[in-house]
Amino acid sequence: MIKDIVVNLSVEKDRDAAADFAISTAALFDAHLSAISFAYEPPVGGSVFDGLTPSIIDAWRAERMDAAEQARGAFEQNARRAGLQTDTRVIAASTAGAADIISTIARSYDLSILPQSEPDDDVSDTLAIEATLFGS
């Protein structure tokens, strides 16, 4: 029986299909739903961020955190409308670190729902899918 579901929210996307599916699935099974929203850290050291001031990197981090909070807020609003019990978290992590975190978290749930990877998108969704598939 599916009683606990976790979803990896899409950040900065027009539509979060994974969140929508997770909400409908949780409603169907009368399951508890947890959501994780990642605020990706800038890739520093040996990257395009070399030579940038700390204030620029801090502003980048703040923008990523704001986007993750917005994704969380939209999810909470939609889940509340569906009458679901939920909990949410925003986690700051590198792209690879986020993949490891979601795969570890997924081990404690009956079902994990992740966004589909897009061919022209960044690698964060692909890494999360692979890590969760093989690590949970």
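Shown above is the structure to which this text applies.
All residue numbers here refer to positions counted from 1 along the written sequence of the relevant chain. Whole-chain, interface and lining totals are the exception, using all residues; otherwise, since this is a predicted model, local features are given only for residues with pLDDT of at least 70 and side-chain atom pairs are given and counted only at 80 or more. The side-chain values count all of the structure's non-hydrogen atoms but skip hydrogen atoms and water molecules.

## A word on the sheet that holds strand E4 (residues 111-113)
(1) Moving on: DSSP calls a pair of strands paired once it identifies at least 2 bridges connecting them. Each helix is a run of H or I in the DSSP string that is no shorter than four residues. Each strand is a run of E no shorter than two, and both are numbered from the N terminus. In space, the four strands of this open sheet follow the order E3-E2-E1-E4, with parallel pairing throughout. In this open sheet, the two strands that pair with only one neighbour each are strand E3 (86-93) and E4. Strand-to-strand twist of the sheet, defined as the mean angle between neighbouring strand axes without regard to direction, takes the value 20 degrees.
(2) Moving on: Bridge count between strand E2 (residues 32-40) and E3: eight bridges; the pairing is parallel. Counterpart to Phe 38 in the pairing with E3 is Ile 91. For helices, the axis comes from a line fit to the C-alpha atoms of the stretch in contact; other axes are also lines fit to C-alpha atoms, and the angle between any two N-to-C directions lies between 0 and 180 degrees.

## Observations regarding the layout of surface pockets
(1) Moving on: The computed volume of the second largest pocket comes to approximately 200 Å³.
(2) Moving on: Of the two site types, the cavity is a set of points on a 1 Å grid over the protein atoms alone where a 1.4 Å probe fits but cannot get out, and the pocket is an open set with protein on both sides within 12 Å along at least five of seven lines, each lined by residues with an atom within 4 Å of a point. Surrounding the second largest pocket, 15 residues form its lining, Ser 10, Lys 13, Asp 16, Ala 71 and Ala 74 being those nearest its centre.
(3) Moving on: Mapped by element, the contributors of at least two residues to the lining of the second largest pocket are helix H1 (17-29) and helix H2 (54-81).
(4) Moving on: The leading source of residues in the lining of the second largest pocket is H2, at six residues.
(5) Moving on: Gly is put with the polar residues, along with every residue not named as nonpolar or charged; the nonpolar set is Ala, Val, Leu, Ile, Met, Phe, Trp, Tyr, Cys and Pro, and the charged set is Asp, Glu, Lys and Arg. Partitioned by chemical class, the residues of the lining of the second largest pocket number six nonpolar, three polar and six charged. Grid points are joined across faces, edges and corners, and a volume is the space filled by probe spheres set on the points.

## Re the packing of helix H3 (residues 95-106) against helix H4 (residues 124-135)
(1) Moving on: One can describe the packing of H3 onto H4 by two numbers: an axis separation of 8 Å at closest approach and a directional angle of 35 degrees. Of the two possible hands of crossing, H3 and H4 adopt the one that is right-handed. Residues Thr 95, Ala 96, Ala 99, Ile 102, Ser 103 and Ala 106 of H3 pack against Ser 124, Leu 127, Ala 128, Ala 131, Thr 132 and Gly 135 of H4. By convention, the crossing between two helices is left-handed when the near helix turns anticlockwise from the far helix through less than a right angle, and right-handed when the turn is clockwise. By definition, residues are in contact when any of their heavy atoms lie within 4.5 Å.

## Overview of H4
(1) Moving on: Given a rise of 1.5 Å per residue, twelve residues ought to cover 16 Å, and the 16 Å separating the end C-alpha atoms of H4 matches this to within 8%.
(2) Moving on: Here the buried face of H4 lies against strand E1 (4-8), E2, H3 and E4. Given a helix with a known number of residues, its expected span is that number minus one, times 1.5 Å.

## A short note on the nonpolar core
(1) Moving on: Among buried residues, the Ala, Val, Leu, Ile, Met, Phe, Trp, Tyr and Cys ones that are joined through side-chain atoms within 4.5 Å form a nonpolar core. Relative accessible area decides the class of each residue, using a 1.4 Å probe on protein chains only: under 20% of the type maximum gives buried, over 50% gives exposed, and in between gives partly exposed. Counting residues in hydrophobic clusters, the biggest one holds 15 residues, and the most contacted among them are Ile 5, Val 7, Leu 9, Ile 23, Leu 33, Phe 75 and Ile 113.
(2) Moving on: Tallying contributions element by element places H1 first for this core, with five residues.
(3) Moving on: Ignoring any residue separated from it by four or fewer positions in sequence, one finds Ile 5 in contact with Thr 25, Ala 26, Ala 31, His 32, Leu 33, Ser 34, Tyr 109, Leu 111 and Ile 113.
(4) Moving on: Judged by nonpolar contacts, the second largest core, of eleven residues, contains Ile 36, Ile 91, Ile 102 and Tyr 109.

## Some details on the pairing of E1
(1) Moving on: Of all the five residues making up E1, four are buried; the element is thus mostly covered by neighbouring parts of the structure.
(2) Moving on: Here E1 runs beside E2; their pairing, made up of five bridges, is parallel. Paired with Val 6 across the two strands is Ser 34, which belongs to E2.
(3) Moving on: Taken together, E1, H1 and E2 constitute a β-α-β crossover, and its handedness is right-handed.
(4) Moving on: Two strands pair when backbone bridges link them, and E1 and E4 are joined in this way by three bridges, in the parallel orientation. When the sheet's bridge partners are listed, Val 6 is paired in E4 with Ser 112. Look down the strands so they point away from you; if going from the first strand over the helix to the second traces a clockwise path, that crossover is right-handed.

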